[in-house]
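Observations on the model geometry
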Amino acid sequence: MVYRARLRHREPLECSSGMTNPRIACLSDPTIRTLSTPLSPLPGESLRGFVARSCSANWLPNSWGLLRHLGLRNRNVVNISESPHIDLPALASATGAQESEVRSRFYPELALSHGEFFGVPLSRQRIDYRRRRFAPGKLASDAWHLAVWELRDLPFCLASWEMLQDTCPCPFEEPTQQRWTRTLTRVDECDRCGEPLARLTSHVIPHAEREGLGLLRDMLAPALGEVRDLSALPTQIRAVCIGRILETIIQLSQIARGHLISGLPPEFAYGVTRLRAGCIALRDWPNGFHSEWIDPSATESAVGARKHAYLALGTKADTSLVELKLQLKEKRERRRRGLSAAGKPGDSTSSRRATRTKEQKENRRLREAATRASNAEAKALLPIGLRPASELARLDPDTLLAAREAGLLTHRERQHGKRTLPAFDRHEVLILAEGWKNRISASSLAFEFGISLFGVEQLAAMGALPPDAPHLQNEGPHFTRASVDKLIGKLVELARESIDEGITLADALRHTHLRPKSWGPAISRLLGDEIPFALGQTKPFRMDRLIINRNDTEKLGTLTFERSDFPEKVFCETMVQRDVCECFNLLEKDGQHLLFLSHSGKMPRLYDRHAVEAFRSKALHTYEIARLTDSQPRKVTRRLTEAQAVPLSWKFYDRKFISEIFAI
């Protein structure tokens, strides 16, 4: 069901210069249209979180329904806090908020792909605008999204000291990463299953391990709605740009040695301890750069560059982060043009360059090109690390590691100092990425074929449709488009031009099966040319609309499929509402009456397979009773009323009781 937000009209207001969208403002008769439930930002709330909360309160299923009228360019990239195309006055009017509240949560653009985060200049790359990270304990008390959760380099919440998470263990093929596009659920709920995120386990940093980390909260206090406090910093660098200090802390954490913390998972503990080392070094400036906290595997160049930036805080205090990077960029450009101090016009180096002949320059260019090609070939043969492999394949690191454990990638390792890290073959990663990107899941194929997910799993288990796409062991079958087209082509080749006294395959199975339909055995009979069939008049191809002769429906009645016959195969433990309706021989519109069954989520609503099949084995619907008794549904209902039959739920009755009344 699609919900649309109701809009109410305010009195005509003066159009702003940036308000150009006709859905928001009219030049001839400017009228700002406001969502029916106006809201105001809460303390510390991010602009993305506020817009998501407004969309959810007004039953907008996705943020694109609102933001496409306010300047957002891409429906899947909700960069409303950074994009210069967003009409902030129109956004404030549409949500009912004060324009000053909206602007204070916007990150204005600076030079060199930098932005300003509540007065702190930092790189755009340090702001995560795709993932919706959260702290479960904080959401339990304050159900809104904090702006500091968008800082990619902060692994914990500055307000509650909890480790930030970004996934919900939904009962789907893999955990659901929270994003900003779906807004039918609230920001404190999973955007797919709808369950509260506060139910997840919280991992809190122990009090003894928080030393130095409070410096981050003091510097970023305006993002929490508080006053910035720099008293923890040495007096010599309190006037330094906050962006430079934060950048230095992050850079120091990259060379710091991490260690375990009791009570915290290792993936959280290492990040926290490295960040704490950087904070303590800044707190003790200029004497906090010690070899004791530096990772032995860090290279000399990395340590030297960070020590230089650390000590430079006292010599260039008046220079902002962006100005400093502009100076470095100009210096690199001067060197590239040969105008640095070592290469001024007139020295020996410039003279040699000027005296080279055209042939010498061409030979040098060819030598350099050959060297680059040779280096590229040698580099392509070397294994790459987890992060480069993830960027190359455009897959998250956890997926690559799982594929490596499942045997989809060769098990390689590499040494980084004293640590042994996973490594990957570049060619294998590219092949896996191509197959992973183009694979078709069983649920997608079920929708395409017009049959149930269980039906596609049957086809895969019986070998009629081989699951030849890369997939993990617990994911269930996935398919390539080539194998799908091959199956369709074979059915098209075997199909007759027409069938007398035809009935669709879906209706034939509905008449013969009072349980999950045996799509796999039925399609196998068609592929074996045991039952004549026609394609019907449907385009594109759909299996549920294949036509067979009515006299052949009896051949389908004896077909069964038992999961126990295929113990090595993986079958989905949940059913979507459409498949449950098929199991009960109901129309999809009747799915609203099945909520008494155990289920979870909203879009889609998932039902427990075992609960569905258990109830199916003991219950009959009135329409099915009418079909089995060759009677009218009204007569069946009247007879059940006379027998004082009590339904198990809605129009479902106990099979044993029904057999006594109707002798079936």
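Refer to the preceding data block for the structure.
Below or above, wherever it landed, is the structure these notes cover. (Residues numbered from 1 in each chain as written. Predicted model: local features only at pLDDT ≥ 70, side-chain atom pairs only at ≥ 80, totals over all residues. Heavy atoms only, no water.)

Together, K316, K329, K331, R332, R334, R335, R336 and R337 make up a positively charged patch on the protein surface. Tracing the backbone shows R337 in the loop between α10 (321–336) and α11 (348–355). On the basis of relative accessibility, which here comes to 53%, the residue R337 falls in the exposed class. (Patch = residues over 30% accessible without salt bridge, like charges linked within 9 Å, V, L, I, M, F, W, Y side chains within 5 Å. Areas by Shrake-Rupley, 256 points an atom, 1.4 Å probe, with all protein chains shown as cover. Salt bridge = Lys/Arg side-chain N within 4 Å of Asp/Glu carboxyl O. Lys, Arg positive; Asp, Glu negative; His and termini not counted. Charge placed at Lys NZ, Arg CZ, Asp CG, Glu CD. Helix = DSSP H or I, 4+ residues; strand = E, 2+ residues; numbered from the N terminus. Buried < 20%, exposed > 50% of the residue type's maximum accessible area, 1.4 Å probe, protein only.)

Turning our eyes to something else, we now look at the sheet that holds strand β12 (residues 533–534). With respect to topology, 3 strands assemble into an open sheet ordered β11-β13-β12, the strand pairing being antiparallel. The open sheet is flanked by β11 (502–504) and β12, the only strands paired with a single partner. (Pairing = 2+ DSSP bridges.)

Our next topic: the nonpolar core. Within the largest apolar cluster, 66 residues are counted, with the highest numbers of intra-cluster contacts made by F117 and L216. Among the secondary structure elements, those contributing two or more residues to this core are β4 (120–123), α6 (214–219), α7 (242–253), α8 (266–283) and α9 (300–311). Considering every element that reaches this core, the biggest residue donor is α8, with 8 residues. When neighbours within four sequence positions are excluded, F117 is seen to be in contact with Y107, L122, I127, A147, V148, L151, L220 and A223. (Core = buried A, V, L, I, M, F, W, Y, C linked by side-chain atoms within 4.5 Å. Contact = heavy atoms within 4.5 Å.)

Here we come to the pattern of salt bridges. A full pass over the atoms with the stated rule returns 34 salt bridges. A salt bridge links R103 to E99, with the nearest nitrogen and oxygen atoms 2.9 Å apart. Linking R103 with E99, this pair stays in helix α4 (residues 99–104), spanning 4 residues, or about one helical turn. A residue is classified by how much of its surface remains accessible, and R103, at 44% relative accessible area, is partly exposed. Across the pair R364 and E368 runs a salt bridge, and its minimum N-O distance is 3.1 Å.

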